[in-house]
Amino acid sequence: MHHRFFSVLLWGCLCALPTGNALASSDEPVDTRKLSCDITYAGQTQHVSVAPTSDPYRQTSIPIRNRFRFKAVHVQGDGVTPRIGIYVYFDTPQQPLLIQHVLLQPPYPQAPTGTPVNLLGEQRLYAGPLERELIYRCFLRQDTP
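A. Region of the structure containing unusual backbone geometry. The omega torsion across Pro-106 and Pro-107 is 5°, close enough to zero to call that bond cis. Non-glycine residue Ala-42 carries a positive phi angle of around 55°. Looking at the element boundaries, Ala-42 is found in the loop between β1 (34-41) and β2 (44-50). With a phi close to 60°, Asn-66 is a non-glycine residue in the positive phi region. By the element assignment, Asn-66 lies in the loop between β3 (62-64) and β4 (68-75).

B. Spatial organisation of the pairing of β1. Where β1 lies against strand β9 (residues 132-141), 8 bridges are found, and the strand directions are antiparallel. Its bridge partner lying in β9, Asp-38 is registered against Arg-137. Bridge analysis of β1 against β2 gives 7 bridges, and the strand direction is antiparallel. Looking across to β2, one finds that Asp-38 is bridged to His-47. If you look at the hairpin formed by β1 and β2, you'll find 2 residues sitting between the two strands, and Ala-42 has a positive phi there, around 55°.

C. Structural view of the confidence of the model for the chain. Put simply, the chain has an average pLDDT of 82, and 77% of its residues get 70 or more. Low confidence marks residues 1-26, where pLDDT is under 50. Its contacts with residues over four positions away, or in another chain, come to 14 contacts.

D. Inspection of the pattern of salt bridges at higher detail. With the rule as written, the count across this model stands at 3 salt bridges. Residue Asp-55 is joined to Arg-58 by a salt bridge in which the shortest nitrogen-to-oxygen separation is 2.8 Å. Classification of Arg-58 as exposed rests on a relative accessible area of 69%. Glu-133 serves as the salt-bridge partner of Arg-124, at 2.7 Å between the closest nitrogen and oxygen. With relative accessibility at 42%, the residue Arg-124 sits in the partly exposed group. Judged by its relative accessible area of 25%, Glu-133 falls in the partly exposed class. Because the salt bridges share partners, they merge into one network encompassing Glu-122, Arg-124 and Glu-133.

Analysis parameters
- Within any chain, residue numbers begin from 1 and follow the written order of that chain's sequence.
- Local features in this predicted model are restricted to residues whose pLDDT is 70 or higher, and side-chain atom pairs enter the listing and the counts only when it is 80 or higher, whereas totals over whole chains, interfaces and linings include all residues.
- Only heavy atoms go into the side-chain values, all of them from the structure, while hydrogens and water stay out.
- Only runs of H or I of at least four residues qualify as helices and only runs of E of at least two qualify as strands under DSSP, and these elements are numbered from the N terminus.
- Should DSSP find at least two bridges between two strands, the strands are taken to pair.
- What pLDDT conveys is the predictor's confidence in a given residue, as a value from 0 to 100.
- Any two residues whose heavy atoms approach within 4.5 Å are treated as being in contact.
- Here, a salt bridge means any side-chain nitrogen of Lys or Arg that lies within 4 Å of a carboxyl oxygen of Asp or Glu.
- Relative accessibility thresholds used throughout: buried, under 20% of the residue-type maximum; exposed, over 50%; partly exposed, between the two (1.4 Å probe, protein chains only).

Dropping the structure here:
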């Protein structure tokens, strides 16, 4: 009994140790570019623009013609680990089913000023009994005044 307790206690302490991903601090440069994605399904394209946030859990997924759901999050700010997360779900009658999760961490690719940065290239996902196709591309764009 004591051996198991100390193993769990040791594991809990090891999990609490800091890792290589330090939280963002005010000393680090802030990426002012906005995340934008072009999502195409059944010949229709939706444009989604996502501003940086320090609270990623408030970002909601958007429905794509009742077949898919798409969520993009650009996390940065004090007290959070900077990252970009992209989540694609296949919409089922029971609940959305995650079919892709992409996590990008800085440093993000750079491009000449004013040029959008293509983060992942064209992504093509297939899901459902009829293998429905969702296509998307995501970019970092400089915010224009």
